[in-house]
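Each chain is listed here by its residues.
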Amino acid sequence: MKQNFKFIDRLTCADMVLRKLICFLILLVSDPTRSTSIPDYARAFDPELYERVLDSKECQRQLDFLSNRSLGLSFIDASAKIPSGILTGNVNDFGDYDECLGIHDYVEGMELQGKYCTVLVPWDQMPTNLPETLEDNWLQLFLTYQFRGISGMLEQNKGYAHEVSSIRGRIDPNEHTVFVLSSNETLLGLCIPKVCTTSEALNHVLNYISFVNLTYRDYYCRLPNDKPFRPADYVSMAIFSIIAILTVASSSYEIYNVHVLKKDSSQLHPIYRNFSVFHNTRRFLTFNRNSGQLDCLDGIRVMAMSWITLGHTFCMIIFAFTHNSIYRVIKFRQLETNVIFGAILSVDTFLSISGLLLVYTVVGKIPRDRFLKGIPLFYLYRLLRIWPLLAATLLLEVSLMHHIADGPFWQVVAGDVENCRSNWWRILLHVQNYYRSNCMIHTWYLAVDFQLYILSPIVIVWLFGRKAIAWLILILSVLLSWAVTITYSYTFKMSTILHNFERSADIVTYLDKFYDNTLPRAVPFVVGLMFGYILHLHRDKKLTISRLYVSLFWIYSCIVMFFAVYSLYPMAQSGYDNQAFDSFYNAFARILWAFMIGWLVLACDHGYAGPINWFLSLKIWKIPARLSFAVYLIHLPLLMIFHGSWKETHYFGGTETFFRYLNNLCVTILVAFAMCIVIDAPCSTLQKMLLGIKSNTQNSSNEEPQEAVEDGKSFKTTL
């Protein structure tokens, strides 16, 4: 027992040392003067503009004027009302964002311009006793009926509160009305004159209904043209302008020489045509099959990437303002939805493929001494292949994506934009999984993959020699990494899924200690190294497996798929609290899944997969497989734009969300294709020129092992 505790202490110590080392590197480039007095999203807007337009005297004058004029109806109409569907979970109302900001008029020497503001109203307010008789004032009449509706809603809201208690708080069953913790709040959008603060406008309104004692807190306000251009915008515009000029010039050069001067494309200078859209598109759409190529990986990549984007599409609904929150809770507990959320295993698919390809494309291609001497280049090449698309996505994130759209809840996007402006270097250094930046949060996978890539030579160097030593190192590596996963799984109390709202506290621990932590996530990568070695040993010869074992391996694969995916269903149910099963799943699911992926690739490569190999090796998967890395990078920022630009609460439906996923996927593929043609392809060619690597068309794989190591784009990433 003492030895077990010593092992856990050493493991925790190793984790702490790794974190402290990364934090030290971060302090070297961090900005200690960065203010934390305002939220991240607020810095993406213009707080000085909000302060500059305020004028208390002018505010009172405009409010008095609007209270007795029909123009005031425009502000009322653009503000929140009692929403429909309250008993099904629609407790928020954005008002009309565009109508509010579109109000701009000059009347009696006053500039009346709308300002969109939001307030958060706690649910722990008792119903108000409303008077039966009303004065003959349209504003008091309107507001009184609004609050009378709220009072009736609170009286009838017990059933709804029972459903949302798992998300929002707890219910006191002894009370006649709902009592929810103060963290449970309703968001209401208000349209007020720009010269007023929210409190000034609401206090003026509440004077007409003095019998209401409303408690609220300010959230945020928006004005037209409140997104100032920052240095990041100018840097982004300058870089993309240079790329655009190079693209136009290079494309014009090729058009003129090929179509006007009738020269053969091979006669053109490679530097001058490097940024040509025509040349790069032709290269991108040309596929040459090499000996030993694993065609099934194209289909596996596309399936896994599609699963991830589908899972993220549904996952974004968790954080969205939905019209029918009750249905959302019920839908997330259903079997088919939990199959979608099984996309968390797709990351382990890519980690497994990453380890597999790393061994398959290195061992046997170059001698051990050359590999050891080239380790710095080994790391540099990896970074240079990842950085162009990653840096381009960051530039889009910090600039264009902030200005491309807008909406009443745009601060979700603005927060990500501001975090990326301040913490972009964490993404490029691949430390965001240990030192979170809330910028492009999905790139934690790149950090884990790159950190495992850095550690991989410790194992790979032994695979060049005797088979017995190689197998010993591989088995010990798998057992050690699995022991780390088991230790983390049983040491920390963690949830396994992200959509069981009753265990929200455990989800934080799960994300911090396990989900994006390199140490417990290493086992699929190491299993991939093992299968890559098996494929290497049988690269030019048939691996003979008896029908009995083939049948057993496929039965094993089916059982693992069923267990890994459908075990999530009971975890999503209300009242689930089986920590023992969560720990068991975290400890065993990923290593079993990695062995299943390894067998799938092995079976396809050696003729034991039949129609499965035919399907995964179809040529239709080659283009989306090449796009998978760009799709992975850009899909979540685009999803955030789609969600941030919603103008009202979203009515959630499974079919509707699936079709929205297909729409988002099509847009993502188009953007990813443009990024690959304009950015990735030219940078790839420049990189090969700088490192002295020739293309496949100029050199055979036997003459230039480095190109064989690249294996298309697999050397860059498995995505």
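Residues numbered from 1 in each chain as written. Predicted model: local features only at pLDDT ≥ 70, side-chain atom pairs only at ≥ 80, totals over all residues. Heavy atoms only, no water.

1. Concerning the pairing of strand S2 (residues 110–122)
Within S2, 12 of the 13 residues are buried, which leaves it mostly tucked inside the rest of the structure. Where strand S1 (residues 104–107) and S2 come together, four bridges link them in antiparallel fashion. If you follow aspartate 105 over to S2, its bridge partner there is leucine 112. Pairing of S2 with strand S3 (residues 185–193) involves nine bridges; the strand directions are antiparallel. The residue of S3 that forms the bridge with leucine 120 is leucine 187. In the sheet, S2 pairs with strand S4 (residues 217–222) via five bridges, with the strands oriented antiparallel. Bridging across to S4, cysteine 117 finds its partner in cysteine 221. (Buried < 20%, exposed > 50% of the residue type's maximum accessible area, 1.4 Å probe, protein only. Helix = DSSP H or I, 4+ residues; strand = E, 2+ residues; numbered from the N terminus. Pairing = 2+ DSSP bridges.)

2. Focus: helix H16 (residues 375–398)
Compared with an ideal rise of 1.5 Å per residue, which puts 24 residues at 34 Å, H16 spans 33 Å between its outermost C-alpha atoms and is within 8% of the ideal. Most pronounced at tryptophan 387, the bend in H16 amounts to some 40 degrees, and the proline proline 388 follows within four residues. Extensive coverage of H16 is indicated by the burial of 17 of its 24 residues. (Expected span 1.5 Å × (residues − 1). Bend = angle between axes of the 7 residues up to and from the residue.)

3. Quick notes on the state of the cysteines
Across all of its chains, the model carries four disulfides by this definition. The residue that forms a disulfide with cysteine 420 is cysteine 439, at a sulfur-sulfur distance of 1.9 Å. Because the torsion about its S-S bond is 100 degrees, the bridge between cysteine 420 and cysteine 439 counts as right-handed. Here cysteine 420 is found in helix H18 (residues 411–428), whereas its partner cysteine 439 is found in the loop between H18 and helix H19 (444–455), with 19 residues between them in sequence. Take cysteine 420 and cysteine 439: they sit in the same class, and that class is buried. Taken in sequence order, the bonded cysteines of the chain link in the pattern 1-5, 2-4, 3-6, 7-8. (Disulfide = S-S within 2.5 Å.)

4. Things to note about the packing of H19 against helix H28 (residues 622–644)
Between H19 and H28, the shortest axis-to-axis distance is 11 Å and the interhelical angle comes to 130 degrees. Relative to H28, the element H19 is oriented oblique. Contacts from Trp444, Tyr445 and Leu446 in H19 reach Phe629, Tyr632 and Leu633 in H28. Per-class residue counts for the contact of H19 with H28 are six nonpolar, no polar and no charged. (Axes fitted to C-alpha atoms, helices over the stretch in contact; angles between N-to-C directions. Parallel < 35°, antiparallel > 145°, perpendicular 65-115°, else oblique. Contact = heavy atoms within 4.5 Å. Nonpolar A, V, L, I, M, F, W, Y, C, P; charged D, E, K, R; others polar.)

5. Observations concerning the side chain of asparagine 274
By secondary structure assignment, the location of asparagine 274 is in the loop between helix H9 (231–260) and helix H10 (277–284). Asparagine 274 has contacts with Ser250, Asn280, Pro682, Thr685 and Leu686, leaving out every residue within four places of it along the chain.

6. Here we look at the environment of threonine 485
As for its position among the elements, threonine 485 is in helix H21 (residues 467–491). Using a relative accessible area of 1% as the deciding quantity, one classes threonine 485 as buried.

7. Overview of the packing of aromatic side chains
Aromatic rings considered in pairs are described by the distance between their centres and by the relative angle of their planes. Taken as a whole and assessed by the stated rule, the structure comprises 39 aromatic pairs. Measuring from ring centre to ring centre gives 6.1 Å for phenylalanine 229 and tyrosine 234, while their planes differ by 40 degrees; the resulting arrangement is tilted. Given a relative accessible area of 46%, phenylalanine 229 falls into the partly exposed group. For the pair phenylalanine 321 and phenylalanine 409, a centre-to-centre distance of 4.6 Å together with 85 degrees between the ring planes defines the contact as edge-to-face. Here phenylalanine 321, found in the loop between helix H11 (296–318) and helix H12 (325–332), pairs with phenylalanine 409, found in the loop between helix H17 (400–403) and H18; they are 88 residues apart in sequence, far enough to count as distant. Assigned by exposure class, phenylalanine 321 and phenylalanine 409 land together as buried. (Phe/Tyr/Trp six-rings, centres within 6.5 Å; stacked < 30°, edge-to-face > 60°.)

8. So, the confidence of the model for the chain
Caution applies to low-pLDDT regions: their predicted coordinates should not be interpreted in detail. Summing up the model confidence of the chain, the mean pLDDT is 81 and the portion of residues at 70 or higher is 81%. For the stretch residues 20–37, pLDDT sits under 50, and the model shows 15 contacts to residues farther than four places along the chain or on other chains. This model gives residues 151–183 a pLDDT under 50, and the stretch forms 62 contacts once residues within four places in sequence are excluded. (pLDDT = per-residue confidence, 0-100.)

9. Concerning the pattern of salt bridges
Tallying each qualifying case throughout the model produces 22 salt bridges. Here aspartate 348 and arginine 521 are joined by a salt bridge, their closest N and O atoms 3.3 Å apart. Taken as a pair, aspartate 348 in helix H14 (residues 344–360) and arginine 521 in the loop between helix H22 (504–515) and helix H23 (523–537) lie far apart in primary sequence, 173 residues in all. Of the two residues, aspartate 348 and arginine 521, neither departs from the other in class, the shared state being buried. Arginine 382 is the partner of aspartate 449 in a salt bridge, and the nearest nitrogen-oxygen pair spans 2.2 Å. Taken together, the positions of aspartate 449 in helix H19 and arginine 382 in helix H16 put the pair 67 residues apart, joining distant regions of the chain. Take aspartate 449 and arginine 382: they sit in the same class, and that class is buried. Connected via shared salt-bridge partners are Arg43, Asp233, Glu418 and Arg421. (Salt bridge = Lys/Arg side-chain N within 4 Å of Asp/Glu carboxyl O.)

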